[in-house]
Amino acid sequence: MESVPLENLSWPTRQPVPAAFDAQGPHLGERGTAAYRKILRIPADKPALLEFEAVNFACRIFLDGKMIGEHFCGYTPFTVRVPLAANPERELVVLVENRFDFDRIPMHEPFFDFYQYGGIIRPVWLHLLPETWIEELKIDATDYVGGRIEIRGKLSLSGLLTLNILDADLPPVELESGQDGAFSHSMTIPSPMAWSPEKPHLYHLQVTCGEDQAVARFGIREIKTEGQKLLLNSQPIRLLGYNRHEFFPNFGPSTPYLQQVDDVRLLKDLGCNFVRGSHYPQDQRFLDLCDEFGLLVWEEVLGWQQKVYALENPLYRKHHRQAAREMVNRSYNHPSVILWGFLNESISDQEIFSPILEETVKIFRSLGGNRLVTFASAHPLRDLYFDQIDVISMNGYPGWYGCEDHPDPLSLIKPQWDKFIDHLDQSGFREKPILVSETGCEGLYGFRDEMRDFHSEEYQVDYIKTACDAILGNERFLGICLWHFSDARTYAGGRALRRPRGFNNKGTFDEYRRPKLARSTVASCFKKVRPG
Ligand code: ADA
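Quick caveat: nothing in here was measured; it's all calculated off a predicted structure.

Undergrad: How would you summarise the overall build of the protein chain if you had to cite specific residues and measurements?
TA: Secondary structure summary: the protein chain contains 8 helices and 30 strands in total. Relative to the compact-globule value of 24 Å for 532 residues, the protein chain shows a C-alpha radius of gyration of 24 Å, a close match. When each of the 532 residues of the protein chain is scored for burial, the buried share is 57%. Excluding contacts between residues fewer than 6 apart, the proportion of contacts in the protein chain whose partners are at least 24 apart in sequence is 70%. In the structure as shown, the protein chain presents an accessible area of about 22000 Å², 51% of it carried by carbon and sulfur atoms. Of the side-chain charges in the protein chain, 59 are positive and 72 negative, and the distance between the mean point of each set is 1 Å.

Undergrad: Now, about the side chain of Asn243: what can you tell me, with residues and values included?
TA: Within the secondary structure layout, Asn243 lies in strand E20 (residues 239-244). Assessed through its relative accessible area of 0%, Asn243 is described here as buried.

Undergrad: I'd love a proper account of the site of the ligand, names of residues and values included.
TA: Taken together, 13 residues surround the ligand, and among them Asp113, Glu345, Tyr401, Glu438 and Lys506 come closest. Between His279 and the ligand, the recorded distance is 2.6 Å, taken from a side-chain N or O atom to an oxygen atom. Measuring from an oxygen atom of the ligand, one finds a side-chain N or O atom of Asn344 at 2.8 Å. Computed on the free molecule, the ligand has an accessible area of 310 Å², of which 96% lies beneath the protein chains in the complex. Tallied by class, the residues present in the shell around the ligand amount to 4 nonpolar, 4 polar and 5 charged.

Undergrad: Can you lay out helix H8 (residues 518-529) for me, pointing to particular residues and giving the numbers?
TA: Its 12 residues place the ends of H8 17 Å apart at the C-alpha level, agreeing with the 16 Å of an ideal helix rising 1.5 Å per residue. Restricting attention to buried positions, one finds in H8 the residues Ala518, Thr521, Val522, Cys525 and Phe526. Each buried residue of H8 lies within a common arc of 120° when the element is viewed along its axis, so the set occupies one face. Opposite the buried face of H8, at more than 90 degrees from it, the exposed residues are Ser520 and Lys527. Contacts made by the buried residues of H8 are with E20, helix H7 (457-472) and strand E28 (477-482).

Undergrad: I'd like a description of the packing of aromatic side chains, backed by residues and values.
TA: By the definition in use, this model includes 32 aromatic pairs. Note on Phe102 and Tyr309: the rings are 5.1 Å apart at their centroids and 80° apart in plane angle, and the pair reads as edge-to-face. Residue Phe102 is found in the loop between strand E7 (89-97) and strand E8 (119-120), and its partner Tyr309 is found in helix H3 (residues 308-311); the two are separated by 207 residues along the sequence. Against the face of Trp298 rests Arg276, its NZ or CZ located 4.4 Å from the ring centre. Positioned above the aromatic ring of Phe503, the side-chain terminus of Arg501 is 4.3 Å from the ring centre.

Undergrad: With reference to specific residues and values, describe unusual backbone geometry.
TA: The omega torsion of the bond from Val17 to Pro18 falls at 0°, within 30 degrees of zero and hence cis. Along the chain, Pro18 falls in the segment before strand E1 (33-41). In the segment running from Ser278 into His279, the intervening peptide bond is cis, with an omega of -10°. Its identity is not glycine, yet Leu343 carries a phi of approximately 45°, on the positive side. Structurally, the position occupied by Leu343 is in the loop between strand E23 (337-341) and helix H5 (354-367). On the accessibility criterion, Leu343 (0% relative accessible area) is buried. For His455, which is not a glycine, the phi torsion comes out positive at approximately 75°.

Undergrad: Outline the sheet that holds strand E15 (residues 203-209), supporting the account with residue identities and numerical values.
TA: What links the strands of a sheet is backbone hydrogen bonding, and the strands pair in either a parallel or an antiparallel sense. In spatial order, the strands read E13-E12-E15-E16; together these 4 strands make up an open sheet with antiparallel pairing. Taken across any chain shown, the strands that pair with only one partner, and hence form the sheet edges, are strand E13 (173-176) and strand E16 (212-218). Here the strands of the sheet are splayed against their neighbours by 25° on average, with no regard to which way each runs. For strand E12 (residues 160-165) and E13, the ladder comprises 4 bridges, and the chain directions are antiparallel.

Undergrad: Requested: an account of the nonpolar core, with residues and values cited.
TA: It is characteristic of soluble globular proteins that their nonpolar side chains tend to be buried jointly. The biggest cluster of nonpolar side chains holds 90 residues, and the ones touching the most others in it are Phe342, Phe353, Phe364, Phe420, Tyr463 and Phe526. Not counting residues within four places of it along the chain, the set of residues in contact with Phe353 comprises Leu311, Phe342, Leu343, Ser346, Ile347, Ser348, Phe375 and Tyr385. Core analysis: the second largest hydrophobic core is formed by 23 residues, Leu137, Ile139, Ile165 and Ala168 among them.

Undergrad: Outline the sheet that holds strand E10 (residues 134-143), listing residues and values.
TA: If you trace the 3 strands from one edge of the open sheet to the other, you get E10-E11-E14, paired in antiparallel fashion. Every other strand in the sheet has two partners, leaving E10 and strand E14 (182-188) as the edge strands with one partner each. When the angles between neighbouring strand axes are averaged without regard to direction, this sheet yields 15°. With 7 bridges joining them, strand E11 (residues 148-155) and E14 adopt antiparallel strand pairing. When the bridges of E14 are listed, Arg152 appears paired with Ser184.

Undergrad: An account of the packing of helix H6 (residues 413-426) against H7 is needed here, citing residue identities and associated values.
TA: The geometry of H6 relative to H7 is characterised by a closest axis approach of 9 Å and an angle of 30° between their N-to-C directions. Compared by their axis directions, H6 and H7 come out roughly parallel. Where H6 crosses over H7, the handedness of that crossing is right-handed. Residues Ile413, Lys414 and Trp417 of H6 form the contact with H7, whose own contacting residues are Tyr463, Thr466, Ala467, Ala470 and Ile471. The residue makeup of the contact of H6 with H7, split by class, is 6 nonpolar, 1 polar and 1 charged.

Definitions and cut-offs
Each chain has its residues counted from 1, following the order in which its sequence is written. The model is predicted, so local features are restricted to residues of pLDDT at least 70 and side-chain atom pairs to those at 80 or more, both for listing and for counting; the totals for chains, interfaces and linings are taken over all residues. For side-chain calculations, the full set of non-hydrogen atoms in the structure is used, while hydrogens and water are omitted. The helix and strand labels rest on DSSP assignments: H or I over at least four residues marks a helix, E over at least two residues marks a strand, and numbering proceeds from the N terminus. All radius of gyration figures rest on C-alpha atoms, and the globule criterion is 2.2 Å times the number of residues raised to 0.38. Accessible area is worked out with a 1.4 Å probe on protein chains only. A residue is then buried under 20% of its type maximum, exposed over 50%, and partly exposed in between. When checking whether two residues touch, look at their non-hydrogen atoms; a contact exists if any pair is within 4.5 Å. A 1.4 Å probe and the Shrake-Rupley method give the accessible areas. Residues count as covered only by the protein chains that appear here. In this count, Lys and Arg are taken as positive residues and Asp and Glu as negative ones, while His and the chain termini are left out. Throughout, a charge is located at the NZ atom of Lys, the CZ atom of Arg, the CG atom of Asp or the CD atom of Glu. In these notes, residues near a molecule or strand are those with any non-hydrogen atom within 4 Å of it. Counted as a polar contact is a pair of N or O atoms within 3.5 Å, where, for protein atoms, one must be capable of donating a hydrogen and the other of accepting one, and residues adjacent in sequence contribute only when both atoms are in side chains. The nonpolar class holds Ala, Val, Leu, Ile, Met, Phe, Trp, Tyr, Cys and Pro. Asp, Glu, Lys and Arg form the charged class, and all remaining residues, Gly among them, are polar. For a helix, the expected span equals 1.5 Å multiplied by the residue count minus one. Our arc is simply the arc of the directions from the helix axis toward the C-beta atoms. Each Phe, Tyr or Trp ring (for Trp, its six-membered ring) is paired with any other whose centre lies within 6.5 Å, and the angle between the two planes then decides the class: stacked below 30 degrees, edge-to-face above 60, tilted in between. Put simply, a charge is over a ring when the Lys NZ or the Arg CZ is close to the ring centre, within 6 Å, and near the line of the ring normal, within 35 degrees. Strand pairing is assigned whenever DSSP detects at least two bridges linking the two strands. Angles here are taken between N-to-C directions and fall from 0 to 180 degrees, while the axes themselves are lines fitted to C-alpha atoms, restricted in helices to the stretch in contact. To qualify as a nonpolar core, a set must consist of buried Ala, Val, Leu, Ile, Met, Phe, Trp, Tyr and Cys residues joined through side-chain atoms within 4.5 Å. What sets the label is the angle itself: under 35 degrees gives roughly parallel, over 145 gives roughly antiparallel, 65 to 115 gives roughly perpendicular, and the rest give oblique. Here a crossing is taken to be left-handed if its near helix is turned anticlockwise relative to the far helix by less than a right angle, and right-handed if that turn runs clockwise.

Pasting the structure below:
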């Protein structure tokens, strides 16, 4: 990518943004470098900022032929300052690479069980900046009963600003920032309404500073653990939900907005109160919908079964820390996000896991606001690090993988989960909440089978019913996060031998959100726990 001579590029096709360039059209399935070009019009000598919500996997950004920024991880946002120029017509070129190359782009590896598309997959914003502008705005609810909130932020230069809560009976507050532009202020919202999945009440803070104005949406809520329980606004809550990949056929990870709206509706209709964004930060618009409709969210840094060579690689560690910071920073004001996660199913049974765990947890705890920390483990009896996290999360597929020769695979489900609980309770974790962060099995949409065999919708029904009864019937489990919401494309090539159609088919819905038989099974299992 470094050596691409920009002057020799030609621009033969038009490509919509946001979109994955390899999800459809002439570059379907291709891996390599794509060059995007757009002429921007920026008034002469006007400061400006480009904000990219996500570019997969890596990119270099050029303006008028000069490189102004680069980024090496998909799914997380970043910004680039636009250099001043007298000519209002500016040529933006973005080189985007979707090749697997661990030495340069270590956050993306070919063995992840989800298809990794390339391109400018999420929106790009051009912000024209006034002389002083609002760089950062964060809101913490520190007392959900009393309505106490702390507002923090940063202006690009020191200056005066006004804070105004648009939906509370409070006069606007005038404030002066410090020399470095930083400001902070506490406020008490009268008769506060707390945010919860049942009543997702949202407030809006308007900040005005000279010509610049920003509105941040926030909710007032508190999340914490108490022994085995998770307390939302002091009330014990159980988590019922799904893992969700950002995926729709033909668009890959650039799920259309209406589909995101529909996904939230489908989840709510099933009685869910929880969704895990597997295995990377989800689209901000989806998180906005979770705020609005009341779904609790686990948001996690891109990761999937990282091995020793990754965890001891300095570049990987650097990019992982950066991705954690970018995620936390961008999602800070979403009340729906209650859990930060990282390193899905990595080697948390080996000591080499310790340094990356330590540095990531530190980022979450120091920068992440009122949220809990977890990672999804695949080592029920051998994990070494459950003491470092707030919620123990376990992925497991008893009754599916590895039981080809078993005469009654479903009979394996309950004993295995019970054994896990016994093990934890006897190993000193009696006082921690335990979540099943993944479980499920494949059901091929439309494959109905009276023999109820593997891959049939009927086996999936039996599996989910048995798993939900075993897990939700045991109060020791905080809840269940089923794998998966909808079928999603995964491995191409040889690895697809493990995945019929090249899809992970464990969805309760297929990729077009057509329901499988398991939908009503899930709805009735969840209803027993959350009757409303
Ligand atoms: C793992 C992994 C998922 C998916 C799942 C499966 O638990 O975290 O991404 O690969 O297994 O379908 O086997």
